[in-house]
Amino acid sequence: MHAWPASEVPALPGKGRDLQIHDTSTQGKVTLSPGPVARIYVCGITPYDATHMGHAATYNAFDLVQRVWLDTKRQVHYVQNVTDVDDPLLERALRDGHDWTELAERETALFREDMTALRMLPPQHYIGAVEAIPGIVPLVERLRDAGAAYELDGDTYFSVESDPHFGGVSHLDAEAMRLLSAERGGDPERPGKKNPLDPMLWMAARPGEPSWDGASLGRGRPGWHIECVAIALDHLGMGFDIQGGGSDLAFPHHEMGASHAQALTGEFPMAKAYVHAGMVGLNGAKMSKSKGNLVFVSALRRSGVDPAAIRLALLSHHYRSDWEWTDQVLADAVARLERWRAAVSRPDGIAADALVEEVREALADDLDAPAALAAVDRWADAQIATGGSDESAPGLVSRTVDALLGVAL
Ligand code: 5CA
Ligand code: ZN
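Analysis parameters
- Residues numbered from 1 in each chain as written.
- Chains lettered and ligands numbered in written order.
- Predicted model: local features only at pLDDT ≥ 70, side-chain atom pairs only at ≥ 80, totals over all residues.
- Heavy atoms only, no water.
- Near = heavy atom within 4 Å.
- Polar contact = N/O pair within 3.5 Å; in protein donor to acceptor, adjacent residues only side chain to side chain.
- Areas by Shrake-Rupley, 256 points an atom, 1.4 Å probe, with all protein chains shown as cover.
- 1 Å grid on protein atoms, 1.4 Å probe; cavity = no way out; pocket = protein on both sides within 12 Å on 5 of 7 lines; lining within 4 Å.
- Sits in = over half its atoms within 2 Å of the grid points.
- Helix = DSSP H or I, 4+ residues; strand = E, 2+ residues; numbered from the N terminus.
- Nonpolar A, V, L, I, M, F, W, Y, C, P; charged D, E, K, R; others polar.
- Donors = N, O, S within 2.8 Å, 3.2 Å for Na, K, Ca; no water.
- Tetrahedral: all angles 85-135°; square planar, octahedral: opposite > 155°, others 65-115°.
- Buried < 20%, exposed > 50% of the residue type's maximum accessible area, 1.4 Å probe, protein only.
- Points joined across faces, edges and corners; volume = space filled by probe spheres on them.
- Expected span 1.5 Å × (residues − 1).
- Pairing = 2+ DSSP bridges.
- Axes fitted to C-alpha atoms, helices over the stretch in contact; angles between N-to-C directions.
- Contact = heavy atoms within 4.5 Å.

1. Describing the site of ligand 1
Okay, so step 1: Among the 24 residues in the neighbourhood of ligand 1, the closest are listed as Gly44, Thr58, Thr83, Asp248 and Lys289.
Okay, so step 2: Measuring from an oxygen atom of ligand 1, one finds a side-chain N or O atom of Asp248 at 2.5 Å.
Okay, so step 3: Here a nitrogen atom of ligand 1 and a backbone polar atom of Met287 are 2.8 Å apart.
Okay, so step 4: In isolation ligand 1 exposes 600 Å². Once the protein is present, 94% of that is buried.
Okay, so step 5: More than half of the atoms belonging to ligand 1 lie within 2 Å of the grid points that define the largest pocket.
Okay, so step 6: At four residues, helix α1 (residues 53–71) tops the list of elements feeding residues into the shell around ligand 1.
Okay, so step 7: Looking at the shell around ligand 1 residue by residue, the classes come out as nine nonpolar, twelve polar and three charged.

2. Topic: the coordination of the zinc ion (ligand 2)
For a metal with four tetrahedral donors the ideal donor-metal-donor angle is 109.5 degrees, while six octahedral donors give ideal angles of 90 or 180 degrees.
Okay, so step 1: Cys43 (SG), Cys228 (SG) and His253 (NE2) make up the full set of protein donors to the zinc ion (ligand 2), lying at 2.0 to 2.2 Å.
Okay, so step 2: Taken together, the four donor atoms coordinating the zinc ion (ligand 2) span angles of 101 to 121 degrees at the metal, a pattern that classifies the geometry as tetrahedral.
Okay, so step 3: Counting the intervening residues between successive donors of the zinc ion (ligand 2) yields the motif C-x184-C-x24-H. One end of the pair, Cys43, is in the loop between β3 (37–42) and α1; the other, Cys228, is in helix α6 (residues 224–235), with 185 residues separating them in the sequence. Taken individually, Cys43 and Cys228 each receive the classification buried, so the pair is uniform in this respect.

3. Some words on the layout of surface pockets
Okay, so step 1: Quantified by volume, the largest pocket comes out at close to 1,300 Å³.
Okay, so step 2: At the level of elements, α1, α2 (87–96), α5 (174–183), β8 (200–204), β9 (220–222), α6, β10 (240–246) and α7 (250–265) are the ones that each hand at least two residues to the lining of the largest pocket.
Okay, so step 3: If you tally residues by element for the lining of the largest pocket, the top one is α1, at four residues.
Okay, so step 4: For the lining of the largest pocket, the residue count by class is 19 nonpolar, 20 polar and eleven charged.
Okay, so step 5: Ranked by residues supplied to the lining of the second largest pocket, first place goes to α2 with five residues.

4. Side note on α7
Okay, so step 1: Along its 16 residues, α7 runs 21 Å from first to last C-alpha, staying within 8% of the 22 Å computed at 1.5 Å per residue.
Okay, so step 2: Where burial is concerned, most of α7 is hidden: 14 out of the 16 residues are buried.

5. Some points on the sheet that holds strand β4 (residues 75–82)
Okay, so step 1: On the basis of which strands lie adjacent, the open sheet formed by five strands has the order β5-β4-β3-β10-β11 and parallel pairing. Looking at strand neighbours, the two that pair on one side only are β5 (125–128) and β11 (271–277), the edges of this open sheet. For this sheet the average axis-to-axis angle between neighbouring strands, irrespective of direction, equals 20 degrees.
Okay, so step 2: When β10 meets β11, the two strands line up parallel, connected through six bridges. Bridge pairing in β11 places Phe240 opposite Ala271.
Okay, so step 3: Taken strand by strand, α6 contacts β3, β4, β5 and β10, and its axis lies near 155 degrees from that of β4.

Quick look at the structure:
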């Protein structure tokens, strides 16, 4: 699949610092020091509805990761998937009488537009589940042949007991795992499984559903976790720097994915850090396609909201916190954008070299975007109040805000 166009990232004077980031698996901050090419996998959308503020906030967090790494003069190898075949997509298409491929294509196209408008840097590899199937089948066969997977009435399940590190991403107890598994696509109640938590790797063809040639597995379609593992291993290999997504992916998705990859390769860990963004809510509940309490990026854009203001609204919350989308959040962002634009529009200004370092420091410390915004606010307020004599300052601030925060002033 094609991704979306990249906006230019201005080069800043000097060099940023290495990223320290909270890793769910070690339950603390880790300092990542990738080689010349940093490697990141971010779980993509299931394209059955438009991009909402929760999605946008999560992708914003991982866009900041890229920007911090680029500022350390590294290259970034970024991979993202599109879950373009899965239960929720098929269910929505059936409910609305749409063709599931058309639904997926339409919503993926809209996602690309939203990401472009928000200046999110694109992945180098943007891969759909359907196009990954030829790579998924042999992985499932290998797991089965190694005794890490088994068949149940034609379906193939992964055995969580085959990975000695299972549980090490999310650190949940058995009961919490069982509840979340039932809530998030698993089937802990199905009789005959070795362990109720075992997730499906390959689902045998069901009447009325799309299916693909699965070689010795029979016709069917892939499970959700193996999709991301196949794509990540194919394009990044083991031991990549970050696997990212919202906190609702820690279990079962990232836990199971890590176990699949570790059982397949005998190596540990799949990712050096598992990074999770908080959940954005609306009216007291997590914003979610299934609940329908949504604010769409595309709807705001259509109503004339500047995408830079949407981006500032996302940046005004720490990526790890859960927060609520409100009209006030957006109004504050619109006002901030106006203030910053007025500040960089003065012909001269207050020297900004220290500001560049403050923004760098804030982001390198677990992506503290609110601290970065506060630093720019201080500069902008002083600039509007008094101005200064440094002719290069407004341009430098503008480039800093663009390069590190993805906001075009
Ligand atoms: N296709 C899978 C990942 S492989 C999936 O979870 N798709 S999704 O469309 O449901 O979500 C895409 C991303 O947005 C995931 O990282 C998810 O954790 C994140 N996300 C979903 N809802 C919210 C929310 N309310 N707040 C923050 N992030 C969210
Ligand atoms: Zn995923």
